[in-house]
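Here's the letter readout for the chains.
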Amino acid sequence: MRKSVVAIVGRPNVGKSTIFNRLVGERISIVEDVPGVTRDRIYAEAEWLNNTFNVIDTGGIDLSDEPLLVQIREQAEIAINEADVIVFLVNGREGITAADEEVAKILFKSSKPVVLAVNKIDNYEMQDLLYEYYSLGLGQPMPISGTHGLGLGDVLDEVVKHFPTDVQQDEDDERIYFSLIGRPNVGKSSLVNALLGEDRVIVSDVEGTTKDAIDTEFKREGEDFTIIDTAGMRKRGKVYESTEKYSVLRALKAIERSDVVLVVIDADTGIIEQDKRIAGYAHEAGKAIVIVVNKWDTVDSSQDAMKKFEDDIRKQFQFLSYAPVVFLSAATTKRIHTLIPRIIQSSENHSKRVKTNLLNEVIEDSLAINPTPSIKGQKLKILYTTQVATKPPTFVVFVNDPSLMHFTYERFLENRIREAFGFDGTPIKIYARQRS
């Protein structure tokens, strides 16, 4: 069963992201004193009085007709529609603005429970600033300070009173978590929308539009998924704004949270060095990986062209020889249906466990085909092999002397294990240990 959902809404720069981070207990949203810096809905889990619920941080609702701000307003309205309870945040030091009044009108239309929180009330002497907010007609204004954490308990007490009584906790979470990584403007947000069949995240031609990681749940082909869309990663030397730095850090954190990582490449611009660097993050984290070539509608999409592009990928990404390659177009949804089966397969292989007796039979056959090498008169002896972990599949090979395990022979064993058990889409790790 789903958890209750709380949306934090308000005009730009009233402290929504600071409050969000206070509620969820970690710095998930970007916090910076620049209006409009939060651009997409952000989801995270919070807990209060034994109630676990999802919190949505939203971009500030702005009345401007500037295209990006219009989309931010639309995103906030979507979040309002999804929420069970809405925390309407205003800036107590600035008084009621025309934008506050317009937001209040939007909230009236939603017919959702609203808790009015007046931020930046840092001490008791500022209580008099609350009175004018009664005129918004949204009930008793509650004083809080996001900076100092004051009053949040009272707000949360009020929030949980409005939770639907039929909402229960999620049971064991067996869903597949996957994230999308890649340099800016390769079409990650468009791909999210194509998979979901709706405009879940902002799509813009401006590089770096997505600045936050977004969790979205959906179901496809009998499987439950959580998709994490991340901000495009830029080269370190080109990361000037602090917001961009936080975006890169969150993208790396999204990789850590994922079962499967989609490395998204732009078919139009081809492979660049940054693509390999980004893919390396996921590989080093031991995640299952699918390489996605997006915008395939903008280039020669013949079978010969596809094979040539994949050959180039294999050459450029030699460390990802296990990763399947999917060609598609998020804009036209061409070949989009080929992606989900690859994600499922990679996730299953990432969690696969091999029986010890079968594993050792494969190793014995491998030794017969290619005997272990001798180094300085000493011969490597493989005594026993066992799988010790999944995600990624990890194997320990007990030997007479680990220093005799040359990386080329380790690679040979890896290839033999892959051939025997099918680990497409996931890295596997092999460690040589001396039997005690």
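Owing to the predicted nature of the structure, the values given are computational and were not obtained by experimental measurement.

Calculation rules
- Residues numbered from 1 in each chain as written.
- Predicted model: local features only at pLDDT ≥ 70, side-chain atom pairs only at ≥ 80, totals over all residues.
- Heavy atoms only, no water.
- Pairing = 2+ DSSP bridges.
- Helix = DSSP H or I, 4+ residues; strand = E, 2+ residues; numbered from the N terminus.
- Axes fitted to C-alpha atoms, helices over the stretch in contact; angles between N-to-C directions.
- pLDDT = per-residue confidence, 0-100.
- Contact = heavy atoms within 4.5 Å.
- Salt bridge = Lys/Arg side-chain N within 4 Å of Asp/Glu carboxyl O.
- Buried < 20%, exposed > 50% of the residue type's maximum accessible area, 1.4 Å probe, protein only.
- Right-handed = clockwise from strand over helix to strand, strands pointing away.
- 1 Å grid on protein atoms, 1.4 Å probe; cavity = no way out; pocket = protein on both sides within 12 Å on 5 of 7 lines; lining within 4 Å.
- Points joined across faces, edges and corners; volume = space filled by probe spheres on them.
- Expected span 1.5 Å × (residues − 1).
- Arc of directions from axis to C-beta.
- Parallel < 35°, antiparallel > 145°, perpendicular 65-115°, else oblique.
- Left-handed = near helix turned anticlockwise from the far one by under 90°.
- Nonpolar A, V, L, I, M, F, W, Y, C, P; charged D, E, K, R; others polar.
- Core = buried A, V, L, I, M, F, W, Y, C linked by side-chain atoms within 4.5 Å.

Caption draft 1: Expanded view of the sheet that holds strand 17 (residues 429-434). The strand order across the open sheet built from three strands is 15-16-17, with neighbouring strands paired in mixed fashion. Taken across any chain shown, the strands that pair with only one partner, and hence form the sheet edges, are strand 15 (382-389) and strand 17. Between one strand axis and the next, the sheet turns by 25° as a mean value, whatever way the strands run. Bridging between strand 16 (residues 394-399) and strand 17 involves six bridges; their strand directions are parallel.

Caption draft 2: Here's a closer look at the confidence of the model for the chain. On average, residues of the chain score 82 in pLDDT, and 81% of them reach the 70 mark or higher. Under a pLDDT of 50 for its full length, residues 167-171 has, in the predicted model, 14 contacts with residues more than four places off or in other chains. Scored below 50 in pLDDT, residues 238-246 shows 14 contacts in the model against residues more than four places distant or in partner chains.

Caption draft 3: Fine view of the pattern of salt bridges. Inspection of the entire model under this criterion finds 13 salt bridges. Linking Arg175 and Glu217 is a salt bridge whose minimum nitrogen-to-oxygen distance equals 3.8 Å. Remark: Glu217 occurs in strand 8 (residues 214-220) and Arg175 occurs in the loop between helix 4 (152-161) and strand 7 (176-181); sequence separation between them is 42 residues. Judged by relative accessible area, which is 18%, Arg175 ranks as buried. When its relative accessible area of 49% is taken as the criterion, Glu217 is described as partly exposed. Counted as one network, the salt bridges with shared partners bring together Arg11, Glu94 and Asp100.

Caption draft 4: Highlighting the pairing of strand 16. Within strand 16, five of the six residues are buried, which leaves the element mostly enclosed by the surrounding structure. Pairing of strand 15 with strand 16, which is carried by six bridges, proceeds in the antiparallel orientation. Bridging across to strand 16, Thr385 finds its partner in Val397. Hairpin connection between strand 15 and strand 16: a loop of four residues separates the two successive antiparallel strands, and Lys391 in this loop has a positive phi of roughly 55°. In this view, the connection linking strand 16 to its parallel neighbour strand 17 by way of helix 11 (residues 407-421) has right-handed handedness.

Caption draft 5: Broad picture of empty space enclosed by the protein. Taken as a whole and assessed by the stated rule, the structure comprises one cavity of 30 Å³ or more. Volume-wise, the largest cavity comes out at about 40 Å³. Taken together, Ile19, Leu23, Val87, Ile144, Leu152, Val155, Leu156 and Val159 make up the lining of the largest cavity. Secondary-structure elements contributing two or more residues to the lining of the largest cavity are helix 1 (16-24) and helix 4.

Caption draft 6: Local environment of helix 3 (residues 98-110). The terminal C-alpha atoms of helix 3 lie 19 Å apart, and with 13 residues this matches the ideal 18 Å at 1.5 Å per residue to within 8%. Buried within helix 3 are the following residues: Ala99, Asp100, Val103, Ala104, Ile106, Leu107 and Ser110. With its buried residues spanning 160° around the axis, helix 3 presents them on a single face. Residues Ala98 and Lys109 are exposed on helix 3 and point more than 90 degrees away from its buried face. Looking at the residues trailing helix 3, positive phi occurs at Ser111, about 60°.

Caption draft 7: Local environment of the packing of helix 10 (residues 356-369) against helix 11. Interhelical geometry of helix 10 versus helix 11 gives an angle of 125° and a closest axis separation of 10 Å. Put simply, helix 10 runs oblique to helix 11. Considering the relative orientation of helix 10 and helix 11, their crossing is right-handed. Of helix 11, the residues touching helix 10 (which contributes Leu358, Leu359, Val362, Ile363, Asp365, Ser366, Leu367 and Ile369) are Tyr409, Phe412, Leu413, Arg416, Ile417, Ala420 and Phe421. Split into classes, the residues belonging to the contact of helix 10 with helix 11 amount to 12 nonpolar, one polar and two charged.

Caption draft 8: The nonpolar core, seen in detail. Counting residues in hydrophobic clusters, the biggest one holds 26 residues, and the most contacted among them are Phe178, Leu191, Leu262, Leu339 and Ile343. Looking at which element gives the most residues to this core, the answer is helix 5 (residues 188-196), with five residues. Among all residues touching Leu191, those that are not within four sequence positions of it are Leu180, Val264, Val292, Leu328, Ala330, Ile336 and Leu339. Ile8, Met142, Val155 and Val160 belong to the second largest nonpolar core, which has 24 residues in total.

Caption draft 9: Structural context of unusual backbone geometry. Backbone torsion omega between Lys391 and Pro392 reads 0°, so that peptide bond is classified as cis. Within the fold, Pro392 resides in the loop between strand 15 and strand 16. The phi angle at Asn13 is positive, at roughly 65°, despite the residue not being glycine. Along the chain, the position of Asn13 falls in the loop between strand 1 (4-9) and helix 1. On the accessibility criterion, Asn13 (32% relative accessible area) is partly exposed.

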